[in-house]
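Single-letter residue listing:
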Amino acid sequence: MSGHIDAIRTAILQGAPGAELAALPLPEAVRGALVRAGEQEMFAGVESVDKDPRQSLHIDEFAVPELAPDEVYVAVMASAINFNTVWTSIFEPLPTFGFLKRLGKESQWGARHDLPYHVVGSDAAGVVLRAGSAVRNWKPGDRVTVQCQHVDDQDPTAHDDTMMASNQRIWGFETNFGGLAEIAVVKANQLMPKPEHLTWEESAVSGLCNSTSYRMIVSKNGAGMQQGDSVLVWGASGGIGAYAVQYVLNGGGTPVAVCSSEKRAELLRAMGCEAVIDRRAENFRFWSDEQTQDPKEWLRLGKKIRELIGRDVDIVFEHPGRQTMGASVFVARRGGLIITCAATSGFMIEYDNRYLWMNLKTLKGCHFANYREAWEANRLVCEGKIHPTMSRVYDLDHTADAALAVHRNESEGKLAVRVLAHEEGLGVLNEELRAKHLDQITLFRRFENA
Ligand code: NAP
């Protein structure tokens, strides 16, 4: 670690005031997790499941870029793994260098991103080190989390729902200089207050997944769930699923939580889910071969849901994609909604359209969250109404191991990565609120360590 970064870390850990942090010299280069353009063909011919992020995701030094007027440097205390870092590291469905090239053509500041390396990461918790000349609401010393929506707010398409902006991007996936680095470059309007009852690593895991699930379940831009609604949540103990479950429970709904092991089923029951389906134990075979789905298996899932909650689900929280979409469209109630934000198992989707139109169902696309939704989702974390789902903590040097665990579906909830925080458990200022919710805050970690 360079002397400058070491001094910054020490000052933050000692609670130095903003003016003192602002006076510390910045390093010219810092360490971060990056993929290299020269290696984007390295997995040619390799099956998706066998592509190993440990070969492609490197911890290396990169030059800290100049700061745009509307940006801040954040000293990253902790970050997290999202599935998009898995996608970047296995160069699927596309290498992310094309995104950086396009951004590079947009403006003088965009050009900084078009580099032969891509510093990844779409979550962070840390401290503002410097603020650009046009930043008004944030200053050095502010303790922050980051939401990953990168939008040019001078574009009129961004003015209603910022997710509708034609140049909307996901920071650290479609932009460079993301959160898995000692210093991240962040637009000021991505900043949100750090939940002060959480540690650095607990604060870092929620931004992307929590905001996504908020929009999908709560927002009128998503499902707009009502009290009493029932929601089938695929991957309910996973990154977005475990936040979706919390929103359904908080909003007076009934989750039907799907997972693939007894350990996960137990975790979901501990979260408060009464209706849990272990898809592996039930041995659902929605596809009888690569080309053919088996509607009898959709029916079997539908019967299981009725057995558990006595009726069909109002909403399906869908993201596995190809493997499950046929079943999802089938099991939603007449007039129900299937909301989808992803396609982990394949994006060429097939379902029987008769069940959609004859039963007046809606299939709706959803992606991340607009500024307001991300802010509200973070506020709920700050108030102790939504809890982080952190199960494991890695250090920056082991980022690729964490990405591999997510790629192989070996972990529950969220995986945090310590960056400047040299040990777990630092950064809590509100001990009283923490004590009140300690069981829920540490639930996933305790299950992992049990
Ligand atoms: P994750 O932590 O890996 O969780 C995904 C869960 O899906 C797993 O826990 C697994 O649960 C379940 N799953 C995996 N394959 C499945 C299959 N074939 N059939 C049924 N269930 C399956 O990932 P995540 O962070 O929740 O992200 C999930 C997907 O959403 C990813 O593709 C990610 O890129 C995407 N995403 C999109 C956005 C957006 O803004 N559009 C935001 C966040 C994430 P069980 O094995 O226990 O059933």
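Residues numbered from 1 in each chain as written. Predicted model: local features only at pLDDT ≥ 70, side-chain atom pairs only at ≥ 80, totals over all residues. Heavy atoms only, no water.

(A) Region of interest: the overall build of the protein chain. A count of helices and strands for the protein chain gives 17 helices and 20 strands. Against the globule reference of 22 Å for 450 residues, the protein chain gives a C-alpha radius of gyration of 21 Å, in line with a compact fold. Structurally, the protein chain occupies a C-alpha span of about 65 × 50 × 45 Å along its principal axes. Out of the 450 residues in the protein chain, the part that is buried amounts to 59%. Partitioning the contacts of the protein chain with sequence separation of at least 6, the portion at a separation of at least 24 is 73%. When the accessible area of the protein chain is evaluated, it comes to approximately 18600 Å², of which 50% is carbon and sulfur surface. (Helix = DSSP H or I, 4+ residues; strand = E, 2+ residues; numbered from the N terminus. Rg over C-alpha atoms; globule rule 2.2 N^0.38 Å. Buried < 20%, exposed > 50% of the residue type's maximum accessible area, 1.4 Å probe, protein only. Contact = heavy atoms within 4.5 Å. Areas by Shrake-Rupley, 256 points an atom, 1.4 Å probe, with all protein chains shown as cover.)

(B) Layout of the packing of aromatic side chains. Applying the stated criterion across every chain, the model contains eleven aromatic pairs. Taking 6.1 Å as the distance between ring centres and 85 degrees as the angle between the ring planes, the aromatic pair formed by W234 and F286 counts as edge-to-face. Here W234 is found in the loop between strand 11 (230-233) and helix 8 (239-250), whereas its partner F286 is found in the loop between helix 10 (279-282) and strand 14 (287-289), with 52 residues between them in sequence. Of the two residues, W234 and F286, neither departs from the other in class, the shared state being buried. (Phe/Tyr/Trp six-rings, centres within 6.5 Å; stacked < 30°, edge-to-face > 60°.)

(C) How the structure looks around helix 7 (residues 207-218). Here helix 7 spans 16 Å end to end across twelve residues, near enough to the 16 Å set by a 1.5 Å rise per residue. Across the twelve residues of helix 7, eleven count as buried, placing the element largely inside the fold. Buried within helix 7 are the following residues: G207, L208, C209, N210, S211, T212, S213, Y214, R215, M216 and I217. (Expected span 1.5 Å × (residues − 1).)

(D) How the structure looks around the sheet that holds strand 18 (residues 362-365). Read across the open sheet, the six strands follow the order 13-12-11-16-17-18; overall the sheet is parallel. Unpaired on one side and paired on the other, strand 13 (275-278) and strand 18 mark the two borders of the sheet. The sheet shows a mean angle of 20 degrees between the axes of neighbouring strands, taken without regard to direction. Sheet topology places strand 11 next to strand 12 (residues 254-259); four bridges connect them, and they run parallel. Paired with V231 across the strands is P255, a residue of strand 12. Across the face of the sheet, helix 11 (residues 295-309) comes into contact with strand 11, strand 12, strand 13 and strand 16 (313-318) while running at roughly 150 degrees to strand 13. (Pairing = 2+ DSSP bridges. Axes fitted to C-alpha atoms, helices over the stretch in contact; angles between N-to-C directions.)

(E) Structural detail: the side chain of K414. As for its placement among the helices and strands, K414 is situated in strand 20 (residues 414-418). At 4.5 Å, D123 is the nearest oppositely charged side chain to K414, a buried residue that forms no salt bridge. Those residues in contact with K414 that lie beyond four places of it in its chain are I81, N82, D123, V205, C209, G239, Y243, T389, M390, S391 and R392. (Lys, Arg positive; Asp, Glu negative; His and termini not counted. Salt bridge = Lys/Arg side-chain N within 4 Å of Asp/Glu carboxyl O.)

(F) Focus on the nonpolar core. Formed by 90 residues in total, the largest nonpolar core has its most connected members in V186, L191, I217, V231, L268 and F317. Among the elements that line this core, the one with the most residues is helix 8, at seven residues. Composition of this core by domain shows at least three residues from each of domain 1 (2-209 + 369-449) and domain 2 (223-365). Not counting the four nearest positions on each side in its chain, V186 is found in contact with D70, E71, V72, V74, V146, W171 and L191. Ranked by size, the runner-up nonpolar core spans 29 residues in total, among them L21, L24, Y73 and I183. (Core = buried A, V, L, I, M, F, W, Y, C linked by side-chain atoms within 4.5 Å. Domains from an automatic or database assignment.)

(G) A look at the domain arrangement of the protein chain. Along its sequence, the protein chain is carved into domain 1 (2-209 + 369-449) and domain 2 (223-365). Just the C-alpha atoms count here: the centres of domain 1 and domain 2 sit 30 Å apart. Counting residues at the interface gives 23 residues for domain 1, matched by 19 residues for domain 2. In total, domain 1 and domain 2 occlude about 1700 Å² of area from one another, counting both sides; carbon and sulfur atoms represent 62% of this. On the surface where domain 1 and domain 2 come into contact, there are three salt bridges. Of the charged contacts in the structure, one is a salt bridge between E412 and K263, with a shortest N-O distance of 3.2 Å. Taken together, the connections running from domain 1 to domain 2 amount to nine residue pairs in polar contact (both at pLDDT 80 or more). (Buried area = accessible area lost by both parts, 1.4 Å probe. Polar contact = N/O pair within 3.5 Å; in protein donor to acceptor, adjacent residues only side chain to side chain.)

(H) Region of interest: the state of the cysteines. Taken as a whole, this structure holds zero disulfides when the rule is applied. The thiol of C148 is unpaired, and the distance to the nearest cysteine sulfur, on C209, comes to 9.0 Å. We classify C148 as buried; its relative accessible area is 0%. With no disulfide partner, C209 has as its closest neighbouring cysteine sulfur the one in C341, 8.7 Å distant. (Disulfide = S-S within 2.5 Å.)

(I) Main features of the pairing of strand 6 (residues 143-146). The pairing of strand 5 (residues 125-131) with strand 6 spans three bridges and is classified as antiparallel. Counted as the bridge partner of V127 is R143 from strand 6. As defined by bridge partners, strand 6 adjoins strand 10 (residues 191-193) across three bridges and the pair is classed as antiparallel. Its bridge partner being in strand 10, V144 is matched across the sheet by P193.

(J) The arrangement of the site of the ligand in detail. Surveying the vicinity of the ligand reveals 25 residues, the closest of which are G239, S260, R279, T344 and F368. One of the backbone N or O atoms of G239 is found 2.8 Å from an oxygen atom in the ligand. Backbone polar atom of I240 to an oxygen atom of the ligand: 2.9 Å apart, as the coordinates give it. Burial of the ligand by the protein amounts to 89% of the accessible area it has alone, namely 910 Å². Looking at which element gives the most residues to the shell around the ligand, the answer is helix 7, with three residues. Split into classes, the residues belonging to the shell around the ligand amount to eleven nonpolar, twelve polar and two charged. (Near = heavy atom within 4 Å. Nonpolar A, V, L, I, M, F, W, Y, C, P; charged D, E, K, R; others polar.)

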